[in-house]
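# Inside the fold
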Amino acid sequence: MGTQVGCRLVADRRTAILEGAARVIARRGVRGLRVEELAAEAGVSTALIYYHFKDRAGILRATLEFINDRAGRYTTEREPDAPPLDAQGELEETLLLEFQDSPEVRENSTAWGELRASAVFDPDLREDLARATLVWVQEVGELLGRVRPMAGAAALAGAAERLTALVEGLSSRWLSGSLPLAHARELMTTAIAAELRHLAQPDR
């Protein structure tokens, strides 16, 4: 029992650090992430942060994974009594849930955008972000394939690339106040329908 409690405490502290890192990056950007400020935000010591993540690069890598995992949760979790979705409904819901006016989604999307912007100047972060993006594209490609099972792999990958890129662009405009949330969701829905029509054409 003691070992289980200890492991849970370690996991909780690690999660608190990653939650704090996501908040700091969302507010101040990657360049504004300071270990001392992160320690204060997470309510832990700087030594504990270095124990878990070794260095600043380790913090960024783990935060990117945390943000990606958290997005996966809030775009797939559904109420237990919610009616089942068909393949197209699952695709639409997964992408549209990236546009929610909640602190968690705002923070996640903003931090992801900050990490992507910093990756332009940071080769190590660029590689980590490229891997995370590839996983996301593959997941959306699989969802598209369930709706259009006769579409070719290249066509599905292209559609997934366009849709995920559009999520990022629309999120950036919405979060910065230049696009209303309802309009962002409407544009996303229209884009999904257009990609599905394209995939339904012969030889796609």
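Look a little higher up for the structure.
Residues numbered from 1 in each chain as written. Predicted model: local features only at pLDDT ≥ 70, side-chain atom pairs only at ≥ 80, totals over all residues. Heavy atoms only, no water.

## Comments concerning the overall build of the protein
Within the protein, the secondary structure is distributed over nine helices and zero strands. Starting at the N terminus and ending at the C terminus, the protein contains elements arranged as α-α-α-α-α-α-α-α-α. Expressed as lengths along the three principal axes of its C-alpha atoms, the size of the protein is roughly 60 × 45 × 30 Å. In the protein, buried positions account for 40% of the 204 residues. Taking all contacts inside the protein whose residues are at least 6 apart in sequence as the whole, residues at least 24 apart take part in 66%. Summed over its atoms, the accessible surface of the protein is roughly 11300 Å², and 54% of this surface lies on carbon and sulfur atoms. The positive charge centre, built from 25 side chains, and the negative charge centre, built from 31, are 4 Å apart in the protein. (Helix = DSSP H or I, 4+ residues; strand = E, 2+ residues; numbered from the N terminus. Buried < 20%, exposed > 50% of the residue type's maximum accessible area, 1.4 Å probe, protein only. Contact = heavy atoms within 4.5 Å. Areas by Shrake-Rupley, 256 points an atom, 1.4 Å probe, with all protein chains shown as cover. Lys, Arg positive; Asp, Glu negative; His and termini not counted. Charge placed at Lys NZ, Arg CZ, Asp CG, Glu CD.)

## Regarding the environment of Arg 61
Position of Arg 61 relative to the elements: it lies in helix α4 (residues 56-74). Note: C-alpha distance between Arg 61 and Asp 124 (63 residues apart in sequence) is 9.0 Å.

## Points about the pattern of salt bridges
Taken as a whole, this structure holds twelve salt bridges when the rule is applied. Between Arg 27 and Glu 37 there is a salt bridge, with its nearest N and O atoms 3.8 Å apart. With Arg 27 in helix α1 (residues 2-28) and Glu 37 in helix α2 (residues 35-42), this pair connects stretches of sequence that are ten residues apart. According to the relative accessible area criterion, Glu 37 is partly exposed, its value standing at 22%. A salt bridge links Arg 162 to Glu 195; the shortest N-O distance between them is 2.7 Å. Remark: Glu 195 occurs in helix α9 (residues 181-200) and Arg 162 occurs in helix α8 (residues 153-175); sequence separation between them is 33 residues. Note on Arg 162: relative accessible area 43%, which makes it partly exposed. With a relative accessible area of 11%, Glu 195 lands in the buried category. Taken together, the salt bridges that share partners define one network made up of Arg 23, Arg 27, Arg 28, Glu 37 and Glu 41. (Salt bridge = Lys/Arg side-chain N within 4 Å of Asp/Glu carboxyl O.)

## A closer look at the packing of helix α6 (residues 103-119) against α8
It is the contact of α6 with α8, at a shortest axis distance of 10 Å, that shows an interaxial angle of 115 degrees. As judged from the angle between their axes, α6 and α8 are roughly perpendicular. Regarding α6 and α8, the two cross each other, and that crossing is left-handed. Between α6, through Arg 106, Ser 109, Thr 110, Trp 112 and Arg 116, and α8, the contact on the second element is made entirely by Glu 168, Ser 171, Trp 174 and Leu 175. Of the residues contributing to the contact of α6 with α8, the split by class is three nonpolar, three polar and three charged. (Axes fitted to C-alpha atoms, helices over the stretch in contact; angles between N-to-C directions. Parallel < 35°, antiparallel > 145°, perpendicular 65-115°, else oblique. Left-handed = near helix turned anticlockwise from the far one by under 90°. Nonpolar A, V, L, I, M, F, W, Y, C, P; charged D, E, K, R; others polar.)

## With respect to the environment of Lys 54
Residue placement: Lys 54 occurs in the loop between α3 (46-53) and α4. Considered as a pair, Lys 54 and Pro 180 are 126 residues apart in the sequence and their alpha carbons are 41 Å apart.

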